Amino acid sequence: MNVNQLQKVKEGRGFIAALDQSGGSSPKALARYGIPEDAYSTSDEMFGLIHDMRTRIITSPGFGGDRVIGAILFADTMRRRIDGVGSARYLWRERGVVPFLKVDEGLDGERDGVQLMKPMAGLDDLLDEGRESAVFGTKMRSVIKMADREGIEANVEQQFEVGERILAAGMMPILEPEVDINSPEKAEAEDMLLRAILARLGRLGDSGVMFKLTLPSRDDLYVELVGHPNVVRVAALSGGYDHAEACERLARQRGMVASFSRALLEGLAVDQSQEEFDAALGRLVGNVFAASVT
């Protein structure tokens, strides 16, 4: 594990950008950017357009290590190049941004109020590829829809089990048991989630993990996690909140930093001039940074 990257992840001021839209979410991301589905006909064309968009973001002057701690990439992005350099290496060498990789393969169907991650048969190979591509850490998402204790405990256990495999491979895992912001039991589910995480952290020994959690209904709910000796960093996902509300909610959470996707890129468009694009992204990055360090 890169010591300089670990120090930045632990102590750096800023946030983690989520640039990891996969095959299922890429069409919506492109549509928000102003590229409709009829503009491409194959998945290769779609991923090429996504990479063009991400390259424009990553190379923009406002997207740098002074305000962005890390960036989460999809595997396709990791395998592509920016200015002739592998995307993960470019992030760290040229931008000072720590690269992470999305490793989950999507969600299983809902059971006991949660959606667990699908089995990851190719995880070991993907971790090997990530290390070879200079990726520092990983991220994996599961979802909690209801305050079902058994479901939440199973969700947390799965996240930790896979996280420990990632630690054993020499990489830093971001565990993301997302609570659906539209859940009618959101606050209760978050309380159950916190208790399950704290109980499971005690079995980590000397190891540390990161978390990416939904902005909570009760402010400062995750302060105990922020200060826990087995927690490297706690990030917040926007989960469907727009840019303004996500930043406003985040600013009330002590110790949490952003890991936004849609809420980070809101209003960026393919037909903006480079000057307009850079100015818009700079404002968005500035707002998310400010909310993350408040």
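Residues numbered from 1 in each chain as written. Predicted model: local features only at pLDDT ≥ 70, side-chain atom pairs only at ≥ 80, totals over all residues. Heavy atoms only, no water.

> Hey, could you go over unusual backbone geometry for me, with residue numbers and the actual values?
A positive phi is found at Asp 83, a non-glycine position, where the angle reads about 50°. Tracing the sequence through the fold places Asp 83 in the loop between β3 (81–82) and β4 (85–86). A positive phi is found at Ala 134, a non-glycine position, where the angle reads about 70°. By secondary structure assignment, the location of Ala 134 is in the loop between α6 (123–132) and β7 (137–144). (Helix = DSSP H or I, 4+ residues; strand = E, 2+ residues; numbered from the N terminus.)

> Residues and numbers for the nonpolar core, please.
Grouped together as the largest cluster of nonpolar side chains are 84 residues, with contacts concentrated most on Phe 63 and Phe 260. Among the elements that line this core, the one with the most residues is helix α12 (residues 274–293), at eight residues. Setting aside anything within four residues of it in sequence, one finds Phe 63 in contact with Ala 17, Leu 19, Ile 57, Ile 58, Val 68, Ala 71, Leu 91, Arg 95, Val 97 and Leu 281. Counting eleven residues, the second largest nonpolar core, distinct from the first, contains Val 98, Phe 136, Met 172 and Met 210. (Core = buried A, V, L, I, M, F, W, Y, C linked by side-chain atoms within 4.5 Å. Buried < 20%, exposed > 50% of the residue type's maximum accessible area, 1.4 Å probe, protein only. Contact = heavy atoms within 4.5 Å.)

> How would you explain the pairing of β7 if you had to name every residue and give the values?
Most of β7 sits inside the fold, with seven of its eight residues counted as buried. Direction of pairing for strand β5 (residues 98–102) relative to β7: parallel, over a ladder of three bridges. Looking at the pairing, Phe 100 lines up with Gly 137 of β7. Where strand β6 (residues 114–115) lies against β7, two bridges are found, and the strand directions are antiparallel. Pairing of Gln 115 across the sheet is with Val 143, part of β7. Bridge analysis of β7 against strand β8 (residues 172–179) gives eight bridges, and the strand direction is parallel. Across the sheet, Thr 138 pairs through a bridge with Pro 173, a residue of β8. Once the chain exits β7 it traverses helix α7 (residues 149–168) before rejoining the sheet at β8, and the crossover so formed is right-handed. (Pairing = 2+ DSSP bridges. Right-handed = clockwise from strand over helix to strand, strands pointing away.)

> Just give me the short version of the pattern of salt bridges, but keep the residues and values in it.
According to the stated counting rule, one finds 18 salt bridges in the structure shown. Residue Asp 124 pairs with Arg 165 through a salt bridge whose shortest N-O separation is 3.1 Å. Separated by 41 residues along the polypeptide, Asp 124 in helix α6 and Arg 165 in helix α7 bring together distant segments of the chain. For the salt bridge of Glu 176 with Lys 139, the shortest nitrogen-to-oxygen distance reads 3.0 Å. Here the residue Glu 176 occupies a position in strand β8, and Lys 139 occupies one in strand β7, the gap between them amounting to 37 residues. Across the pair, exposure class does not vary: Glu 176 and Lys 139 are buried alike. A single network of salt bridges, built from pairs that share partners, joins Glu 157, Glu 164, Arg 200 and Arg 203. (Salt bridge = Lys/Arg side-chain N within 4 Å of Asp/Glu carboxyl O.)

> Hey, could you go over the packing of helix α10 (residues 243–250) against α12 for me, with residue numbers and the actual values?
What describes two packed helices is the angle between their axes and the distance between those same axes. At a minimum axis separation of 8 Å, α10 and α12 run at an interaxial angle of 20°. Looking at the two axes, α10 sits roughly parallel to α12. Relative to α12, α10 is oriented so that their crossing is left-handed. On α12, the residues touching His 243, Cys 247 and Leu 250 of α10 are Leu 284, Asn 287, Val 288, Ala 291 and Ser 292. Of the residues belonging to the contact of α10 with α12, the class tally is five nonpolar, three polar and no charged. (Axes fitted to C-alpha atoms, helices over the stretch in contact; angles between N-to-C directions. Parallel < 35°, antiparallel > 145°, perpendicular 65-115°, else oblique. Left-handed = near helix turned anticlockwise from the far one by under 90°. Nonpolar A, V, L, I, M, F, W, Y, C, P; charged D, E, K, R; others polar.)

> Lay out the packing of aromatic side chains with the relevant residues and their values.
Overall, the coordinates contain three aromatic pairs when judged by the stated rule. Ring geometry for Phe 100 versus Phe 136: centroids 5.7 Å apart, planes at 90°, classification edge-to-face. In this pair, Phe 100 sits in strand β5 while Phe 136 sits in the loop between α6 and β7, placing the two residues 36 residues apart along the sequence. In this pair, the class of Phe 100 matches that of Phe 136, namely buried. Over the ring of Phe 277 we find Arg 56, and its NZ or CZ is 4.1 Å from the ring centre. (Phe/Tyr/Trp six-rings, centres within 6.5 Å; stacked < 30°, edge-to-face > 60°. Lys NZ or Arg CZ within 6 Å of the ring centre and 35° of its normal.)

Geometric values such as these leave the question of function open.
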